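Listed below are the residues making up each chain.
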Amino acid sequence: MQLHAEIVTVHTRHPFIIARGGQSEYQVVWVRLVDKDGAEGWGEASPSKYYGETADTVMVALQRFAPVLADADAWSIDAIEREIEKAMRWNAAARCAVSAALHDLAARRLGVPLWKLWGLDAQATPLSSFTIGIAPDVATLRARVREAAHYPLLKIKLGSSWDRDVLRIVREEAPRAQLRVDANAAWTPKQALGMLDVLNEVGVDMLEQPLPPQDLAGLRFVRERSNIPVVADESCLVASDIPKLEGIVDGVNIKLAKCGSLREALRMIAVARAHGMRVMCGCMIETTLGIAAAAHFSPLLDDADLDGAALLSDDPFDGPGIPDGRVTLGDRPGLGVVRRGG
């Protein structure tokens, strides 16, 4: 197989700000695998500086993967994933782009969407949350919540100096919406406990990663005192992280850009289920191509946060998405993604 990669620059409709900062312009990497018969599979890397990746590091990693793919049997996905991890470890976003392209290629060859190849039910997809990032002022926050009025489930980014006000303003503007919050590891245990009254007041039903990733004792402390389910994101990267989180959190948030492959995501789902945990899948700022890879296994999830492409103003791809809040899959083969206008 030949590996082709192209950096694509995309922009969010509004600056996407979380507790660690944010921006409006993002670079993702579009990966195409072309087999010797001309068949293609597509994937996307959505790198995060938090995990040590940029579009440039992805391109370097892909150069290391190319020789592994050159003589590989495209059907041997499991073996290929092991070999590219040996070629260059840790670069999860880069590896996940190759994994997605291999799965896309296999399902395209068979003429079926990936969800069907996996034996899943496209009607069993969950609702996805739509994220309201940290806003600079009250007027902007109110406008963004009103703009998202057609989404029944909102995720509110917290970790600013006015978290309590943010929650009350969002509830005023979205009185019927289901609300979840994500502090992106910005709080201390004391701050998290201090927020529980307002979280309950506005009806929040999930608290995602309130504390720094390594503070497992703090997460247990908060969870034991919270009637709101606590879900780990930054504390959980791969399947082997899950057993140590049993009894500490109620669930885990899988992201392909953290775990490195679709097969690892499926392993994480199985391990989380074996430990009686709630299973969620989230995303980075991604195009529809990146979101599609996770969307196809969404029938296996309890919760989804697959809004990365919905936040963009210039998504270059068309395919699975969350047009009215629920993850929607189609019947196109593979990941079901095509270029807009192409």
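Residues numbered from 1 in each chain as written. Predicted model: local features only at pLDDT ≥ 70, side-chain atom pairs only at ≥ 80, totals over all residues. Heavy atoms only, no water.

Draft legend 1. Expanded view of the overall build of the protein. Assigned secondary structure in the protein consists of 11 helices and 13 strands. In terms of overall dimensions, the protein is globule-like: its C-alpha atoms have a radius of gyration of 19 Å, near the 20 Å expected for 342 residues. On the principal axes, the C-alpha backbone points of the protein span a range of 60 × 45 × 35 Å. Of the contacts made within the protein by residues no fewer than 6 positions apart, 69% connect residues no fewer than 24 positions apart. In the protein, which carries 38 positive and 45 negative side-chain charges, the distance between the mean positions of the two groups comes to 2 Å. (Helix = DSSP H or I, 4+ residues; strand = E, 2+ residues; numbered from the N terminus. Rg over C-alpha atoms; globule rule 2.2 N^0.38 Å. Contact = heavy atoms within 4.5 Å. Lys, Arg positive; Asp, Glu negative; His and termini not counted. Charge placed at Lys NZ, Arg CZ, Asp CG, Glu CD.)

Draft legend 2. Here's a closer look at the sheet that holds strand S2 (residues 21-34). Taking strand neighbours across the sheet as the criterion, the 3 strands line up as S1-S2-S3 in an open arrangement whose pairing is antiparallel. Unpaired on one side and paired on the other, strand S1 (2-18) and strand S3 (40-45) mark the two borders of the sheet. Across the sheet, the axes of successive neighbouring strands diverge by a mean angle of 20 degrees, strand direction being ignored. Bridge count between S1 and S2: 13 bridges; the pairing is antiparallel. Across the sheet, the residue bridging to glutamate 6 is tryptophan 30, located in S2. On top of the sheet, helix H3 (residues 92-110) reaches S1, S2 and S3; it is set at about 155 degrees to S3, its chief contact. (Pairing = 2+ DSSP bridges. Axes fitted to C-alpha atoms, helices over the stretch in contact; angles between N-to-C directions.)

Draft legend 3. Layout of the nonpolar core. Ranked by size, the top nonpolar core spans 89 residues in total, and within it Leu141, Leu154, Ile156, Leu167, Leu199 and Leu256 carry the most contacts. Residue contributions to this core peak at 6 residues, all from helix H11 (residues 288-295). Formed by 28 residues, the second largest nonpolar core is a distinct cluster that contains Met1, Leu3, Leu33 and Ala61. (Core = buried A, V, L, I, M, F, W, Y, C linked by side-chain atoms within 4.5 Å. Buried < 20%, exposed > 50% of the residue type's maximum accessible area, 1.4 Å probe, protein only.)

Draft legend 4. Representation of the pattern of salt bridges. Applying the stated criterion across every chain yields a total of 30 salt bridges. Across the pair aspartate 182 and lysine 155 runs a salt bridge, and its minimum N-O distance is 3.6 Å. Separated by 27 residues along the polypeptide, aspartate 182 in strand S6 (residues 178-182) and lysine 155 in strand S5 (residues 153-157) bring together distant segments of the chain. We classify lysine 155 as buried; its relative accessible area is 3%. (Salt bridge = Lys/Arg side-chain N within 4 Å of Asp/Glu carboxyl O.)

Draft legend 5. Spotlight on the packing of helix H1 (residues 55-70) against helix H2 (residues 77-87). Interhelical geometry of H1 versus H2 gives an angle of 145 degrees and a closest axis separation of 9 Å. As H1 packs across H2, the resulting crossing turns out to be right-handed. Across from Arg64, Phe65, Val68 and Leu69 in H1, the residues of H2 making contact are Ile80, Glu83, Ile84 and Ala87. Split by residue class, the contact of H1 with H2 holds 6 nonpolar, no polar and 2 charged. (Left-handed = near helix turned anticlockwise from the far one by under 90°. Nonpolar A, V, L, I, M, F, W, Y, C, P; charged D, E, K, R; others polar.)

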